[in-house]
Amino acid sequence: MIKTDILIIGAGPTGLFTVFEAGLLKLKCHLIDALPQAGGQCSEIYPKKPIYDIPAYPEILAGDLTEKLLEQCKQFEPGFTLGERAETIEKQEDGSFIVTTNRGTKHQAPVVAIAGGLGSFEPRKPLIDNILSFEDKGVEYIIKNPEIYRNKRVVIAGGGDSALDWSIFLSDVAKEVTLIHRRNEFRGHLDSVEKVQELKNKGKINLVTPAEVMNIVGHHKVEAVVVSQSQHIEKEFEIECDHFIPLFGLSPKLGPIANWGLEIEKNAIKVNNALDYQTNIPGIFAIGDVNTYPGKLKLILCGFHEATLMCQAAYQIINPGKKYVLKYTTVSGIDGFDGTRKEAPKAVVKAIE
Ligand SMILES: Cc1cc2nc3c(=O)[nH]c(=O)nc-3n(C[C@H](O)[C@H](O)[C@H](O)COP(=O)(O)OP(=O)(O)OC[C@H]3O[C@@H](n4cnc5c(N)ncnc54)[C@H](O)[C@@H]3O)c2cc1C
């Protein structure tokens, strides 16, 4: 049994920052994540994309933000159960919770913070009969490392921002980029649509519309896709390629958390945002993208704010009746659980003569 003060479900940016804020209150955290690495959407969906709205970072890659968050919370020695999905929760007589994963790992804590983001997210897969047998053999639904496409022939399918943005990005990396969409119109930002048009005119992107990939050809890996194009008459042809990347978005699913007796609205957990982001079950909080309340914004900085307030409420549950006086880190310094101490240099006060 893994025991901790705050059990965090989801090691995305919100979960990671919770560790830091809890650490300032001397509370220990353990995180569970279904993915094999920390970072949530930032590391799984868009690690190489720049983010522009993180306070004090005019620009930071999503993957670098994850690294910084891990570095910031390291001193509070969080525990991790990675690659396992939180499946069940049981309330104990002493008020604590036991959360068990799909692999049977048990965790016990007086406070549970659900920072599950979009939930266990699954890419929407096109209905192509043999696509499953080519997964990780040239078929990818999420671009994690664009370098693997360097000097390769890539076919991207989709009509949204992801398909447009990656076609633009990979046109400088891959040997050949083909973008296939079943309509002539795209649903992306106008800028991106115009950029794709410009790259098409320069011969850097092959645009095939309205068309659909019907089949994948290859022995042990993707060698070509079979495309059906319906301009005036339907015609089928093959495009030779090394990678086929269907980017049809992700279908977010709350997964097992949806059966925990929590109030759910539009696939998100309802919380008390006037106070502390607690759910309808006392002791269980929901923070970050996973929660909903009037005016909710699914942004990283909102998750950070929610995590900070939630930790104050967790402190009261774990230390009933004990008063906590907020101190600035510049004044109190930080005592890491690993024995380190960070302290601002003592201010030199100049005497007034
Ligand atoms: C392409 C893209 C670009 C974006 N750009 C920006 C931007 O510029 N600025 C911005 O502020 N936001 C941006 N966002 C949104 C931002 O990524 C999210 O707001 C942020 O990731 C939410 O963080 P989170 O920690 O709440 O959830 P997530 O990052 O979704 O992490 C949740 C984690 O919980 C895990 N999990 C869920 N259920 C379980 C379970 N039952 N058991 C175990 N683990 C579980 C998941 O595996 C996941 O790792 C962007 C999103 C996308 C997709």
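Just so we're clear, the structure is a prediction, and the values are computed from it rather than from any experiment. (Residues numbered from 1 in each chain as written. Predicted model: local features only at pLDDT ≥ 70, side-chain atom pairs only at ≥ 80, totals over all residues. Heavy atoms only, no water.)

## Notes on the state of the cysteines
Linking two cysteines covalently through their sulfur atoms gives a disulfide. Tallied over the full model, the rule gives zero disulfides. Of the cysteine sulfurs around Cys29, a residue in no disulfide, the closest is that of Cys311, at 6.3 Å. Judged by relative accessible area, which is 2%, Cys29 ranks as buried. The class of Cys311 is buried, set by a relative accessible area of 0%. (Disulfide = S-S within 2.5 Å. Buried < 20%, exposed > 50% of the residue type's maximum accessible area, 1.4 Å probe, protein only.)

## Some remarks on the sheet that holds strand β21 (residues 268-270)
Sheet strands associate in pairs through backbone hydrogen bonding, adopting either a parallel or an antiparallel arrangement. Pairing in this open sheet of three strands is mixed, and the strands run β20-β21-β23 from one edge to the other. The sheet is open, and its two edges are formed by β20 (264-265) and β23 (291-292), each paired on a single side. With two bridges joining them, β21 and β23 adopt parallel strand pairing. Its bridge partner being in β23, Lys270 is matched across the sheet by Thr292. (Pairing = 2+ DSSP bridges. Helix = DSSP H or I, 4+ residues; strand = E, 2+ residues; numbered from the N terminus.)

## Some remarks on the site of the ligand
Around the ligand lies a shell of 29 residues, among which Asp33, Gln41, Tyr46, Ala86 and Asp289 are the nearest. Taking Ala34, its main chain carries an N or O atom lying 3.0 Å from a nitrogen atom of the ligand. Ala86 is positioned such that a nitrogen or oxygen atom in its backbone is 2.8 Å from a nitrogen atom of the ligand. Counting only elements with at least two residues in the shell around the ligand, the list comes to α1 (13-24), β3 (29-33) and α2 (40-44). Considering only residue class, the shell around the ligand consists of 13 nonpolar, 10 polar and six charged. (Near = heavy atom within 4 Å. Polar contact = N/O pair within 3.5 Å; in protein donor to acceptor, adjacent residues only side chain to side chain. Nonpolar A, V, L, I, M, F, W, Y, C, P; charged D, E, K, R; others polar.)

## Here we look at the nonpolar core
If you look at the biggest cluster of nonpolar residues, it comprises 58 residues, and the most contacted ones within it are Ile6, Val99, Val112, Ile114, Trp260 and Met310. Take this core: its biggest share by element is eight residues, from helix α6 (residues 300-318). Beyond its immediate chain neighbours, meaning those up to four positions away, Ile6 contacts Ala22, Leu27, Lys28, Cys29, His30, Ala109, Val111, Ala113, Met310, Cys311, Ala314 and Ile318. (Core = buried A, V, L, I, M, F, W, Y, C linked by side-chain atoms within 4.5 Å. Contact = heavy atoms within 4.5 Å.)

## Here we look at the UniProt feature "binding site: FAD" (unreviewed entry) in the protein
Here the UniProt-annotated "binding site: FAD" (unreviewed entry) positions come out as Thr14, Asp33, Gln41, Tyr46, Ala86, Phe121, Asp289 and Thr330. Among the annotated residues just listed, those lining the second largest pocket are Gln41 and Tyr46. Residues in contact with Thr14, not counting those within four places in the same chain, are Ala115, Ile287, Gly288, Gly303 and Ala307. Relative to the assigned elements, Thr330 resides in helix α7 (residues 329-332). Given the relative accessible area of 57%, Thr330 is considered exposed. (UniProt positions renumbered as here; feature names shortened; annotations may be inferred. 1 Å grid on protein atoms, 1.4 Å probe; cavity = no way out; pocket = protein on both sides within 12 Å on 5 of 7 lines; lining within 4 Å.)

## As for the sheet that holds strand β14 (residues 206-208)
Judged by pairing direction, the sheet is parallel, and its four strands sit side by side in the order β14-β13-β12-β18 without closing on themselves. Two strands in the sheet have a free side with no partner beyond their single neighbour: β14 and β18 (243-246). Neighbour to neighbour, the strand axes of the sheet diverge by 20 degrees on average, direction disregarded. Relative to β14, strand β13 (residues 176-180) runs parallel, the two being bridged by three bridges. Looking at β14, one finds that Leu179 is bridged to Leu207. Lying on the sheet, helix α4 (residues 161-170) is in contact with β12 (153-157), β13 and β18; it crosses β12 at an angle near 165 degrees. (Axes fitted to C-alpha atoms, helices over the stretch in contact; angles between N-to-C directions.)

## A word on unusual backbone geometry
The amide bond that connects Thr209 to the next residue, Pro210, takes the cis arrangement and shows omega of -20 degrees. With respect to the secondary-structure elements, Pro210 resides in the loop between β14 and β15 (211-217). Residue Glu77 is not a glycine yet carries a positive backbone phi of 40 degrees. Residue placement: Glu77 occurs in the loop between α3 (62-73) and β6 (79-82). Of note in the backbone geometry, Lys266 takes a positive phi value of approximately 50 degrees without being a glycine. When you line up the elements, Lys266 lands in the loop between β20 and β21.

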